[in-house]
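Structure at a glance
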Amino acid sequence: MTPLLAKGQSAVAGEVAGDRGTIPGPRPASAAPRRAKALLERLAGPDEGLFDPPGPRGRRRIAVASAVSLVILAALVWAVVHQFAAHGQLHAGQWRIFGQWPVIHYLLTALWATVRVTLVSGVIALPFGALLALARLSHTPLLRWPAAVYVEVLRAIPLLLLIYAFLLGLPNLGLHVPLFWQLVWPIVFTNTAVFAEIFRSGVRALPRGQTEAAQALGLSHWTTMRLVVLPQAIRQTAPALISQTVRLLKDSTLGYVVSFLELLNAAKVLGEYDHTVVQAYLVVALVYVVVNTALAATAGGVERRLGGAPSSAGRKSPG
Amino acid sequence: MGLIVDHIGVFGSGLRVSAEISACTFVLAALLGAALAVCQISPVLPLRVFSRLYVGGVRSIPLLVLLTLFVFGLPEIGVVYSLQWTAVTAMGLYWAAFFCEVLRAGVRAVPRGQIEAARALGLGFGQTLRLVVLPQAARSIIQPAASLLIAVTLNSSLAAAVGVTQELTGQTELLDQQYAQPLLTFGAAALAYVTVALWVGWLAGALDRKLAVSR
Amino acid sequence: MKATASLPHTARHRALAAGALAVIALAATACSSSGTSAVPGGGGTKSAVVSHSDSVAALIAAEQPATDIKPESTAAKIKARGTLRVGGTQTAALFSLLDPTTGKVAGFDAAMSQLLAKYIIGRPSTRLVNVTAQTRESLLKSHQVDTVFATYTITPERTKQVAFAGPYYQDGLAIEVRKGTAGISSLADLNGKTVVTESGSTVPTAIKKAAPKAKIQLFDTNTECTQALSQHRADAYVLDQGILAGNAAGNKDLQVLAGTFTKEPYGIGLPLDQPDFREFVNTWLRKVEANGTWAKVWKATVGTEVPGAVPTPPAVG
């Protein structure tokens, strides 16, 4: 997908949304529900423009479907909560430990360990990923080939295997690496390859005209890259980079292999100490959701400031 | 090396269980992911919000956390069934979020003009989706879906951490426990995983080349 | 038994079998540049191994430092460093369990490691490095820890890779069932039944021998195993008797069958290439067992939940 098309798309999407906004509803809604609806629409995200702005009958049908789905979703939530309560899992005693400062402190320390791994790995892997992408895009086979081999091989090896190789293989070579780095280096090696691929697909998704124009102006390959291609590619690939960073954060849960104590381990210790496995994991799951949502939101803010339009370029497959 | 040869049957049966778990997980994830994707492109606001929150939430949680919650949490609300299927349920729900994203990216890859043309012809939401969008989206999701299948397979090893000891990693763990040879046993298991991943990747590549339409 | 383990994870994309050799080579080049030392992990690792109860603290205070440490010996090197690096776990009730509310690790293993540190260094200065069943041998081999205190059963396979001081504790496998379970009275009765146990324990090997048709379920921690038993996921829970007794004490629906079925001698894991240190630790073990310290530690830790008189420690060496 070219960015040109992406721009066209967002224009269409805006138009559709605008249409829907101007068509008056059956009853003018008061301010509060309208704000609530606006919030929900933000949460719901952009639609894909698969349907026309609905007419009166369509609106009625949508309203009915909304009501029915709301009831079903509410019933689902209620059933789970009710069952939990019925089995005494919501009893205050089961949760008391998570209100104690030392336990909160313990969780925060573990979270900090997770965040540290993420930050350090990300800070190392991102620039190296960019360099690797450049190498793979260069015209010199001497640069291109090693970069391609590195990327393909490292993306194919499960991270866990890499961590084991570090843990079990390095001592045999007489190398002793602190635990923190035994976790960070494998994550860096893998993610450098993934980041490189994201950058590269971002570069390749740029309209060829951009490079051609730069060349027509007499810019060299590297100047073109630096001034024209890379700035746009980074903007293009921001969403993919963010989701890869979230994945990187989740990679840190492999820390248990090298006995590095991060957030997931904290859940295990708390569950063992208090005999409340479900509660401990629920709390930690919540922490992961909050942290990753905050990460995505921050990155989204940065992206908006950069002025990049979200596009499918460089979007990575999940995994 | 003799250790591996002597216990090749153990690896075989472990691999079979792993394949079974992965296949069931993938099918479940595909069905749920499709449902989520339909919710997300539908005009019904609560469904769209639900789908977005679900995908966003689930993607933030490490799979192992979700697995543990299901294995130990479900019995607490009175739902107990076999460990293997509990693990499949949790993994299916997890990967559904990713599958939904794959499908949505596929839908987004269909040129907007196609959709507008369909609407101009008077096709409804269902018809546009069925006759125009999905057939084209399907082709562009083969590679991402294959990546997903590989991810599902490699991560099925996490089931071992919640007691599904019959699968490959669990069996490897047992062997390692007995012979204290982690490098050898886990190396062999890793080789098996990498082989499967290679094979799936190659298959997807072949399928992709066969079906791909250049636009 | 024990030392938590769990397994894999992780997805990457298409796979090529380019092999661990390339990986290790890459790793080698990269690692030489990593000089920064990092304290491992959040949560707990930095905390000293301090036993919970006051009586253990008193015992540690009373422990006399060694006076006969030979220069150039392993013990002298540890003394010069000022901390004993202990491989252990944070999730073994009665032996080495982290109390997140205090940041301290309590239990029999924790107390013993501290006593040893006091004996060598003159103060109970230890650093706990979390180990798992997969990592304890390699951490010892690479000298990333000086000792492993992790309810580490001495087995012939393991003695090929690491040295053991001790045994310093003797337990045996026992069976825990839900109350009212009929038809299980020995390991052989477990044929065809689902048996839950901790990953990283010696139990699977023992069960495969006694009841080859038993279905084995592995979980990481004692609490998870107990829950699996209570939630009817398994018919029986097999583990060292001391730990099971502790469970049954806190859970009225469970009971431990009488009798133990194997002998599980726990050793202190040491690097294979430091025979002088093994001698040193064995001498210390004989001393604490003879002067009654061992019995007092047992009483203050395992003895708080396991009924009965203080057992006789196994013969060292």
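Residues numbered from 1 in each chain as written. Chains lettered and ligands numbered in written order. Predicted model: local features only at pLDDT ≥ 70, side-chain atom pairs only at ≥ 80, totals over all residues.

Considering the overall build of chain B
Helices and strands together make up the secondary structure of chain B, namely ten helices and zero strands. Shown N-terminal to C-terminal, the secondary structure of chain B runs as helices and strands in the order α-α-α-α-α-α-α-α-α-α. Once the C-alpha set of chain B is aligned to its principal axes, its extents read approximately 70 × 45 × 25 Å. Counting every position in chain B, which comprises 215 residues, the buried fraction comes to 56%. (Helix = DSSP H or I, 4+ residues; strand = E, 2+ residues; numbered from the N terminus. Buried ≥ 20, exposed ≤ 12 C-beta atoms within 10 Å, placed from the backbone.)

Overview of the environment of Leu 74 of chain B
Residue and element names in this part refer to chain B. Positionally, Leu 74 belongs in the loop between helix 4 (63-73) and helix 5 (83-109). For Leu 74, a count of 18 C-beta atoms within 10 Å translates into the label partly exposed. Residues Leu 74 and Ile 141 lie 67 residues apart in sequence; the distance between their C-alpha atoms is 33 Å. Contact partners of Leu 74, with chain neighbours within four places excluded, come to Val 79, Val 80 and Thr 86. (Contact = placed C-beta atoms within 7 Å.)

A short note on the UniProt feature "domain: ABC transmembrane type-1" (unreviewed entry) in chain B
The UniProt record marks residues 15-204 of chain B with the feature "domain: ABC transmembrane type-1" (unreviewed entry), using the residue numbering of this structure. For the annotated span residues 15-204 of chain B, helix accounts for 82% and strand for 0% of the residues, and the straight-line distance between the end C-alpha atoms is 20 Å. (UniProt positions renumbered as here; feature names shortened; annotations may be inferred.)

Details of the sheet that holds strand 11 (residues 236-240) of chain C
All names here are of chain C. Overall, mixed pairing links the five strands, which are arranged 10-9-11-8-12 in an open sheet. Lying at the two open borders of the sheet, with one neighbouring strand each, are strand 10 (215-219) and strand 12 (254-256). Recorded for the sheet is a direction-independent mean angle of 30 degrees between the axes of neighbouring strands. Taken together, the two bridges between strand 9 (residues 194-198) and strand 11 define a ladder with parallel strand orientation. In the sheet register, Val 195 faces strand 11, and the bridge partner there is Ala 236. Relative to strand 9, helix 8 (residues 222-230) is tilted by about 165 degrees, and along the sheet it contacts strand 8 (173-178), strand 9, strand 10, strand 11 and strand 12. Packed onto the sheet, helix 9 (residues 241-250) meets strand 8, strand 11 and strand 12 and runs at close to 150 degrees relative to strand 12. (Pairing = 2+ DSSP bridges. Axes fitted to C-alpha atoms, helices over the stretch in contact; angles between N-to-C directions.)

Some remarks on the sheet that holds strand 3 (residues 96-99) of chain C
Residues and elements named next belong to chain C. With antiparallel pairing, three strands are arranged side by side in an open sheet as 2-3-4. Among the strands making up the open sheet, the edge pair consists of strand 2 (91-92) and strand 4 (104-106). Relative to strand 3, strand 2 runs antiparallel, the two sharing two bridges. When the sheet's bridge partners are listed, Ala 92 is paired in strand 3 with Ser 96.

A word on the interface of chain C and chain B
Each side of the interface is counted separately: chain C has 34 residues, and chain B has 33 residues. If you tally residues by element for the side of chain C that touches chain B, the top one is strand 10 of chain C, at four residues. Looking at side-chain class alone, the side of chain C that touches chain B contains 14 nonpolar, 13 polar and seven charged residues. (Nonpolar A, V, L, I, M, F, W, Y, C, P; charged D, E, K, R; others polar.)

Digging into the pairing of strand 10 of chain C
Residue and element names in this part refer to chain C. Taking burial as the measure, the five residues of strand 10 include four buried ones, the bulk of the element. The pairing of strand 9 with strand 10 spans five bridges and is classified as parallel. Across the sheet, the residue bridging to Val 196 is Gln 217, located in strand 10. Remark: the strand 9/helix 7 (residues 203-210)/strand 10 crossover connection has right-handed handedness. (Right-handed = clockwise from strand over helix to strand, strands pointing away.)

Some details on the domain arrangement of chain C
Residue and element names in this part refer to chain C. Splitting chain C by domain gives domain 1 (44-170 + 265-304) and domain 2 (173-256). Computed over C-alpha atoms only, the centres of domain 1 and domain 2 are separated by 28 Å. Its residues assigned to classes, the side of domain 1 that touches domain 2 shows four nonpolar, four polar and no charged. (Domains from an automatic or database assignment.)

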